[in-house]
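Here are the chains, one letter per residue:
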Amino acid sequence: MKETPLHAAHLSLSAKMGEFAGYDMPLYYALGVLKEHEWVRSSAGLFDVSHMGQVSLKGKGTQDFLQKITPSSFEKLPINRTKYSVLMNADGGIIDDLMLTKTGEDDFHLVINAGCKDKDIAWIKSQLPAGIEFTHFADWALIALQGPKAESVVRDVLGIDLSALPYMGLWYQDYTLFISRLGYTGEDGFEISVPAENAEHIWNKLLSDERVKPIGLAARDSLRLEMGYCLYGHDIDATTTPLEADLSWVM
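Source: prediction; values computed, not measured.

> Can you break down the overall build of the protein residue by residue, with the values?
Secondary structure assignment for the protein yields seven helices and 13 strands. Its C-alpha atoms give the protein a radius of gyration of 18 Å, within 12% of the compact-globule value 18 Å for 251 residues. Expressed as a percentage of its 251 residues, the buried residues of the protein come to 53%. In the structure as shown, the protein presents an accessible area of about 11500 Å², 51% of it carried by carbon and sulfur atoms. Positive and negative side-chain charges of the protein, numbering 22 and 35 respectively, have mean locations separated by a distance of 3 Å.

Structure follows, in structure tokens:
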């Protein structure tokens, strides 16, 4: 099985590990699934989501291309803001759901699902017009800090004040640390994208705060289910249209 850059950190915390999307991932830690779920709702939970795919598309015509392979419009989306959408096949079915961040007039950063990563990348490349640069950030990690105390933790532990960052907004510094105000738990929170070599340092630094506990994939699933968020392969798939999935608002 594949391992994320934080695999050793999970083992050191005695996480119960299991396979997910081809990766050896933490299912839960010492608290157990129910307590982890409750901790995210009341404080701040730390998730390893480095198994997700991170790619960028850059160059003239990128925005038009993304408006062809998704049902969404990005013309009014401000730079450094994110939109949730879906990749669609020729029959109107959903290839995957994803987050797209507009990082320039014709520059976009995409976060795609782990279980769909390889097929998404292959499909996008097969449709890609000439002149658009495609980059897969395979050597980057993604850490999610979720919960009502997430903002204060980032301020106190990382020294970054994100109080003015709007929901679905992006903050970055020196192209070595990117923080987006979003998540898939229904709580306020952030996804932190860093080069793999920096991931364990940031993970341990955030965990040093008593408000933060590590949270596994089992609680991540129960949290998103409680909020009614779709999980690809369970609630939506290539035979489901956005209308059938109650996702007409992405169109």
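> Residue-level account of the sheet that holds strand 9 (residues 140-146), with values.
Overall, mixed pairing links the six strands, which are arranged 10-11-12-9-3-13 in an open sheet. With partners counted over all chains shown, the strands left at the sheet margins are strand 10 (170-173) and strand 13 (212-214), one partner each. Averaged over all adjacent pairs, the angle separating strand axes in this sheet is 20°, with direction ignored. Pairing geometry for strand 11 (residues 177-180) and strand 12 (residues 189-195), over three bridges, is antiparallel. Pairing of Ser 180 across the sheet is with Glu 191, part of strand 12. Packed onto the sheet, helix 5 (residues 150-158) meets strand 3 (44-48), strand 9, strand 12 and strand 13 and runs at close to 40° relative to strand 12. Across the sheet, helix 6 (residues 196-207) is in contact with strand 3, strand 9, strand 11, strand 12 and strand 13; its angle to strand 12 comes to roughly 145°.

> Provide a residue-level description of the sheet that holds strand 8 (residues 133-136), including the pertinent values.
Spatially, 5-6-7-4-8 is the arrangement adopted by the five strands of the open sheet, whose pairing is antiparallel. The sheet terminates laterally at strand 5 (81-88) and strand 8, the two strands that pair on one side only. Neighbour-to-neighbour, the strand axes of the sheet open up by a mean angle of 25°, direction not taken into account. Pairing of strand 4 (residues 53-58) with strand 8 involves four bridges; the strand directions are antiparallel. Paired with Leu 57 across the bridge in strand 8 is Phe 134. Here helix 4 (residues 117-127) sits on the sheet and contacts strand 4, strand 5, strand 6 (94-104), strand 7 (107-112) and strand 8; the angle it forms with strand 8, its principal contact strand, is near 170°.

> Describe the packing of aromatic side chains, listing the residues and the values that go with them.
To describe a pair of aromatic rings, one takes the distance between the centres and the angle between the planes. For the structure shown, the criterion picks out eight aromatic pairs. Between Tyr 175 and Phe 178 the ring centres are 6.2 Å apart and the planes differ by 65°, which places this aromatic pair in the edge-to-face class. By way of ring pairs, the aromatic residues Phe 137, Trp 140, Tyr 172, Tyr 175 and Phe 178 are connected into one cluster. In this arrangement the basic side chain of Lys 213 is found over the ring face of Trp 39, its NZ or CZ atom lying 5.5 Å from the centre.

> Give me the pattern of salt bridges: which residues, what numbers.
Applying the stated rule across the entire model yields ten salt bridges. In this structure, Glu 187 engages Arg 41 in a salt bridge whose closest nitrogen and oxygen atoms are separated by 3.2 Å. Of this pair, Glu 187 sits in the loop between strand 11 and strand 12 while Arg 41 sits in helix 2 (residues 33-42), placing them 146 residues apart in sequence. A salt bridge links Asp 188 to Arg 181; the shortest N-O distance between them is 2.8 Å.

> So what's going on with helix 7 (residues 217-227)? Which residues, and what values?
Along helix 7, the residues classified as buried are Leu 217, Ala 219, Arg 220, Leu 223 and Arg 224. For helix 7, the buried positions fall inside an angular range of 160° around the axis, keeping them on one side. For helix 7, exposure combined with an orientation more than 90 degrees from the buried face picks out Leu 225 and Glu 226. Here the buried face of helix 7 lies against strand 1 (16-20), strand 2 (23-28), helix 2 and strand 3. In the segment just after helix 7, Gly 228 is the residue with positive phi, at about 80°.

> Please set out the nonpolar core residue by residue, giving values where relevant.
Judged by nonpolar contacts, the single largest core of 28 residues is most densely connected at Leu 145, Ile 192 and Leu 206. Within the residue set of this core, elements represented by two or more residues are strand 3, strand 9, helix 5, strand 11, strand 12 and helix 6. A total of five residues in this core trace back to one element, the largest contributor, which is helix 5. Apart from the residues lying within four places of it in its own chain, the contact partners of Leu 206 are Leu 46, Leu 145, Val 153, Val 157, Leu 158, Ile 192 and Val 212. In this structure, Val 40, Ala 144, Met 168 and Tyr 184 belong to the second largest nonpolar core, which totals 25 residues.

Rules and cut-offs
- Along each chain, residues carry numbers from 1 onward, in the same order as the chain's sequence is written.
- A pLDDT threshold of at least 70 governs which residues receive local features in this predicted model, and a stricter bar of 80 or more applies before side-chain atom pairs are shown or counted, although totals over entire chains, interfaces and linings include all residues.
- The side-chain numbers reported here are obtained from all heavy atoms of the structure, hydrogens and water having been left aside.
- To qualify as a helix, a DSSP run of H or I must reach at least 4 residues; to qualify as a strand, a run of E must reach at least 2; elements of each kind are numbered from the N terminus.
- For the radius of gyration, the atoms used are the C-alpha atoms, and the globule rule reads 2.2 Å times the number of residues raised to 0.38.
- The rule is simple: take the accessible area with a 1.4 Å probe, protein chains only, and divide by the maximum for that residue type; under 20% is buried, over 50% is exposed, in between is partly exposed.
- Values of accessible area rely on a 1.4 Å probe in the Shrake-Rupley scheme; residue burial ignores everything except the protein chains shown.
- Charge assignment in this entry is limited to Lys and Arg as positive and Asp and Glu as negative, and neither His nor the chain termini are counted.
- For this purpose, a charge sits on NZ of Lys, CZ of Arg, CG of Asp or CD of Glu.
- When DSSP finds at least two bridges between two strands, those strands are taken to pair.
- For helices, the fitted axis covers only the stretch in contact; all axes are lines through C-alpha atoms, and the angles between them, taken along N-to-C directions, range from 0 to 180 degrees.
- We call two residues in contact whenever any of their non-hydrogen atoms come within 4.5 Å of each other.
- Aromatic rings from Phe, Tyr and Trp, taking only the six-membered ring of Trp, are treated as a pair when their centres fall within 6.5 Å; an angle between ring planes under 30 degrees marks them as stacked, one over 60 as edge-to-face, and anything in between as tilted.
- Each ring is checked for a lysine NZ or an arginine CZ that lies within 6 Å of its centre and within 35 degrees of its normal; such an atom marks a charge sitting over the ring.
- Only one rule defines a salt bridge in this text: a Lys or Arg side-chain nitrogen within 4 Å of an Asp or Glu carboxyl oxygen.
- Throughout, the arc means the angular range of directions from the helix axis out to the C-beta atoms.
- Buried Ala, Val, Leu, Ile, Met, Phe, Trp, Tyr and Cys residues form a nonpolar core when they are joined through side-chain atoms within 4.5 Å.

Purely geometric numbers; function is a separate question.
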